[in-house]
Amino acid sequence: MKTVYTCFCTDIIHEGHLNIIHRGMEYGEVVAGILTDEATIRFNRFPAVSFEERVAMVEAIEGVSRVIVQKEVTYDKVVQQLRPDYIIHGDNWKEGPLRFLRENAKKLMEETGGELIEVPYTRSREAIHKERVQREKLAMPEYRRKRLRQLLKICPIVKSLEVHSGITGLIAEKTIVETENNLEQFDAMWISSLCDSTVKGKPDIELVDMTSRFKTIDEVMEVTTKPIIFDGDTGGFIEHFVYSVRTLERMGVSAVIIEDKTGLKKNSLFGTEVEQTQDDIAHFCEKIRAGKGTQLTDDFMIIARVESLILEQGMEDALKRASAYVEAGTDGIMIHSRKENPAEIFEFCRKFRRRDCHTPLVAVPTSYHQVFEKELMEYGINIVIYANQLTRSAFPAMERTAKDLLKYHRALEADAKLMPIRQIITLIDEL
Ligand code: SPV
Ligand code: MG
């Protein structure tokens, strides 16, 4: 009996899948691989049902003789272990990011003398509707809010991208790339005070009020499903912060990060070049406790941001504060630095992790941009935030276009560098 392998990364079984199984049975015994959550989210949406349920769903399909776990996006390991005579897949992988998987499977079958079978991938209107409902559900507050905690359990490092509008939200939501033998996408979104202010032409000094900041969140939420980490600046007065926690939690935001500064806040990347005051530990702990005491679900996270390295208060102060904030109930620590290399971040992580191996750590590698995610991971960082790169890439591009229009007195020269009109009008999906 020949072995036919097919991989499932779906949480909905429809006639397209059944067709693949039935066609597979014509060639031999069908073994189905279930992609783990960790691998699924590298290119697909977050699964709406658990891994165990997905296994049970596929096991129940008549014609599936055995179910195995596929831990990697690519087929290499499975092919090595199972040595299938055939890999069978729907022909929907000929386009988009799945093309990469098709190439991978094709190459492996050629190398091992196997064969790739592609069957027309069919979906009824009902199945299309069901898929859309599952996707849309991910955007609902009760599903979205808890996602960051879920991701922390399954991702070696949660990759977050700065967004400040519907369109940047779509970029964070949809961008998928091939890397060495893998597919990659962002896990979460960061709503930065710096960028949210900058796009409004305002300085990053808590001038843009919370109501406007919430409006940005809403715009992003309208068109995305990924979890949101909100830059809450200092959190403001404790009496105000508790209201913000309630609003953010109700909206479905997953986490707020508040920094231990007080008075007129300036952007951390100015460091000690401008006057900035660090809050005292007891007061900041009170803010954390007030926030934690206000939230209604176990999903929402309040992450404390330690500014000691930014304000040159030393490593011991940073560590002392981090411990105090954990004691006060924070759900994570963001350690920030404006140094041009990650040495002090690494030192902090090493020392912090000696005492605490559970509390999630967050890093924002803006000034120490040479650091790889893998290195951050090795030092115990759980969330990496690319805090301003989208805004910083958009601004020079727009400025160049404005200059070209002025310089050439027409649009032709500028156009060469622009997204084609056809693409921009089809960029947004219609319901
Ligand atoms: C932001 O993105 O607004 C931040 C990070 O707070 S930083 O600009 O580095 O302070
Ligand atoms: Mg900020």
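For the structure itself, consult the block above.
Residues numbered from 1 in each chain as written. Chains lettered and ligands numbered in written order. Predicted model: local features only at pLDDT ≥ 70, side-chain atom pairs only at ≥ 80, totals over all residues. Heavy atoms only, no water.

(A) The site of ligand 1, seen in detail. Taken together, the residues surrounding ligand 1 are Trp-190, Ser-192, Ser-193, Leu-194, Asp-231, Asn-267, Ser-268, Leu-269, Arg-305, His-336 and Ala-387. One nitrogen or oxygen atom from the side chain of Asn-267 is found 2.9 Å from an oxygen atom belonging to ligand 1. Interatomic distance of 2.7 Å between a side-chain N/O atom of His-336 and an oxygen atom of ligand 1. Protein chains bury 100% of the 280 Å² of accessible surface belonging to ligand 1 in isolation. The cavity that encloses ligand 1 is the largest cavity. (Near = heavy atom within 4 Å. Polar contact = N/O pair within 3.5 Å; in protein donor to acceptor, adjacent residues only side chain to side chain. Areas by Shrake-Rupley, 256 points an atom, 1.4 Å probe, with all protein chains shown as cover. 1 Å grid on protein atoms, 1.4 Å probe; cavity = no way out; pocket = protein on both sides within 12 Å on 5 of 7 lines; lining within 4 Å. Sits in = over half its atoms within 2 Å of the grid points.)

(B) Spotlight on the coordination of the magnesium ion (ligand 2). Note on the magnesium ion (ligand 2): its protein donors are Ser-193 (OG) and Asp-231 (OD). The metal-donor distances range over 2.1 to 2.2 Å. Placement of the pair is Ser-193 in helix α10 (residues 193-198) and Asp-231 in strand β10 (residues 228-231), with a sequence separation of 38 residues. By relative accessible area, which is 2% here, Ser-193 ends up buried. (Donors = N, O, S within 2.8 Å, 3.2 Å for Na, K, Ca; no water. Helix = DSSP H or I, 4+ residues; strand = E, 2+ residues; numbered from the N terminus. Buried < 20%, exposed > 50% of the residue type's maximum accessible area, 1.4 Å probe, protein only.)

(C) Structural detail: the layout of surface pockets. Approximately 780 Å³ is the volume found for the second largest pocket. If you trace the second largest pocket, you find 26 residues lining it, with Arg-42, Lys-159, Thr-179, Asn-182 and Glu-184 closest to the centre. Only α2 (37-40), α4 (76-82), β7 (176-179), β8 (182-185) and α16 (373-378) provide two or more residues apiece to the lining of the second largest pocket. Class assignment for the residues of the lining of the second largest pocket results in 9 nonpolar, 6 polar and 11 charged. (Points joined across faces, edges and corners; volume = space filled by probe spheres on them. Nonpolar A, V, L, I, M, F, W, Y, C, P; charged D, E, K, R; others polar.)

(D) Broad picture of the sheet that holds strand β14 (residues 301-306). Strand order around the closed barrel formed by 8 strands is β6-β9-β10-β11-β14-β15-β16-β17, with parallel pairing between neighbours. Adjacent strand axes in the sheet meet at a mean angle of 25 degrees when their direction is disregarded. Where strand β6 (residues 158-162) lies against strand β9 (residues 188-191), 3 bridges are found, and the strand directions are parallel. Note on β9: the bridge partner recorded for Glu-162 is Trp-190. In the packing of helix α12 (residues 238-251) onto the sheet, the strands contacted are β10, β11 (255-259) and β14, and the crossing angle to β11 comes to about 155 degrees. (Pairing = 2+ DSSP bridges. Axes fitted to C-alpha atoms, helices over the stretch in contact; angles between N-to-C directions. Contact = heavy atoms within 4.5 Å.)

Purely geometric numbers; function is a separate question.
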